[in-house]
Amino acid sequence: MSRTRSPRRPAHVTSGPFAPPAPSRTLTAVSADGARLHVEVHGAEGAPAVVLAHGWTCSTAFWAAQIRALADDHRVVVYDQRGHGRTAASAVCSTDALADDLEAVLDATLAPGEKAVLAGHSMGGMTLMSAAGRAGLREHAAAVLLCSTGSSRLVAESLVVPLRPGRLRTRLTAAVLGSKAPLGPVTPVGKKVLRYATMGPGAAPDRIEACARIVHGCARGPRYAWSQVLAELDVDALVRELRVPTAVVAGTADRLTPPVHARRIAAALPDCVGLTELAGVGHMTPMEAPEVVTERLRELVRTYVMVEEDVA
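Residues numbered from 1 in each chain as written. Predicted model: local features only at pLDDT ≥ 70, side-chain atom pairs only at ≥ 80, totals over all residues. Heavy atoms only, no water.

Asks: Which residues make up the packing of helix 7 (residues 188–198) against helix 8 (residues 205–216), and what values go with them?
Replies: Direction vectors running N to C along helix 7 and helix 8 enclose 95 degrees, while the axes themselves pass 10 Å from each other. One finds that helix 7 runs roughly perpendicular with respect to helix 8. Here helix 7 contributes Gly190, Lys191, Leu194, Arg195 and Thr198 to the contact with helix 8, which in turn contributes Ile208, Glu209, Cys211, Ala212, Val215 and His216. A per-class count over the contact of helix 7 with helix 8 returns 5 nonpolar, 3 polar and 3 charged. (Axes fitted to C-alpha atoms, helices over the stretch in contact; angles between N-to-C directions. Helix = DSSP H or I, 4+ residues; strand = E, 2+ residues; numbered from the N terminus. Parallel < 35°, antiparallel > 145°, perpendicular 65-115°, else oblique. Contact = heavy atoms within 4.5 Å. Nonpolar A, V, L, I, M, F, W, Y, C, P; charged D, E, K, R; others polar.)

Asks: Tell me what's going on with the side chain of Thr57, and back it up with residues and numbers.
Replies: Position of Thr57 among the secondary structure elements: in the loop between strand 3 (49–53) and helix 1 (64–70). Among the residues examined, Thr57 registers a relative accessible area of 6% and is labelled buried. Each residue touching Thr57, except ones within four places of it in the same chain, is listed here: His84, Ile214, Val215, Cys218 and Arg223. (Buried < 20%, exposed > 50% of the residue type's maximum accessible area, 1.4 Å probe, protein only.)

Asks: Report on the packing of aromatic side chains, specifying residues and quantitative values.
Replies: How two aromatic rings sit relative to each other is given by the distance of their centres and the angle of their planes. Throughout the structure, instances matching the rule amount to 1 aromatic pair. Measuring from centroid to centroid gives 5.6 Å for Phe62 and Trp63, while their planes differ by 85 degrees, and the two rings are edge-to-face. Given the relative accessible area of 1%, Phe62 is considered buried. (Phe/Tyr/Trp six-rings, centres within 6.5 Å; stacked < 30°, edge-to-face > 60°.)

Asks: Outline the nonpolar core, supporting the account with residue identities and numerical values.
Replies: Generally speaking, soluble globular proteins have nonpolar side chains that are buried together. Leu118 and Val144 are the most contacted members of the largest nonpolar core, which has 45 residues in total. It is helix 2 (residues 95–109) that contributes the most residues to this core, 6 residues altogether. Residues contacting Val144, with those up to four places away along its chain left out, are Leu118, Leu128, Leu242, Val244, Pro245, Thr246, Ala247 and Leu300. Grouped together as the second largest cluster of nonpolar side chains are 41 residues, Cys58, Ala210, Ala289 and Val305 included. (Core = buried A, V, L, I, M, F, W, Y, C linked by side-chain atoms within 4.5 Å.)

Next comes the structure, spelled out in structure tokens:
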């Protein structure tokens, strides 16, 4: 008799501010095509809600610092994208699937008509942009935070390969980001490579370690499959459909999604409520500058969620 393999437990540090805390409850959200998504809820029921979508090669553990800071007085919902963390890989990898999955999580964790702040990092931000025209997002989004993300031209504008812009750099970048090579265990060399590609030059060792453990914990198959989706990403038109107050955060030392992406998104948004560029910070803004990202989330909740509750 064949045995179905359960998705493996995500890798993460087990102590310190970047160790994920135990959730108040876990549940499974079922997407439109039947994909089953691992979802965690932290904090008290009835508290103002924040829903966080992680990026490529990450997991719910990526948001540990925000969960720890917010869960005392917020309800924090996090989930694993397809093929990441404790959500099994799927044959379907597309921007439509990302939007379907987000809608499923919102439906499973928020009451009808309940408003929340939705935040996404990297592919998580692309998830929110992909869902901009969806009924679920329009029903539940009071405000949005986009961290270190882009809406198109990800490979062409990446600075991971230190060459002048052009066909050669684009081709080499596609080969690097779309590599099928296993990442293997976390080693000092591996951490140096990861810091160069994804973090700022001044990133603290504990943040590099935490980030490396998460990224190296992503299985090779889903990592490659999603790299192909991101290489062809073009959701520029959907940015203009994101008709809720939206804040944008970017690191000036981000090689994966350089600030040009954040500036272009901010200019296209119908209701941009601020572009924050963090000097010397790389791609992993919620881990490199957790206090800044957390405070931006708090501001959005105070301004757009709690005001609606007071009116109601």
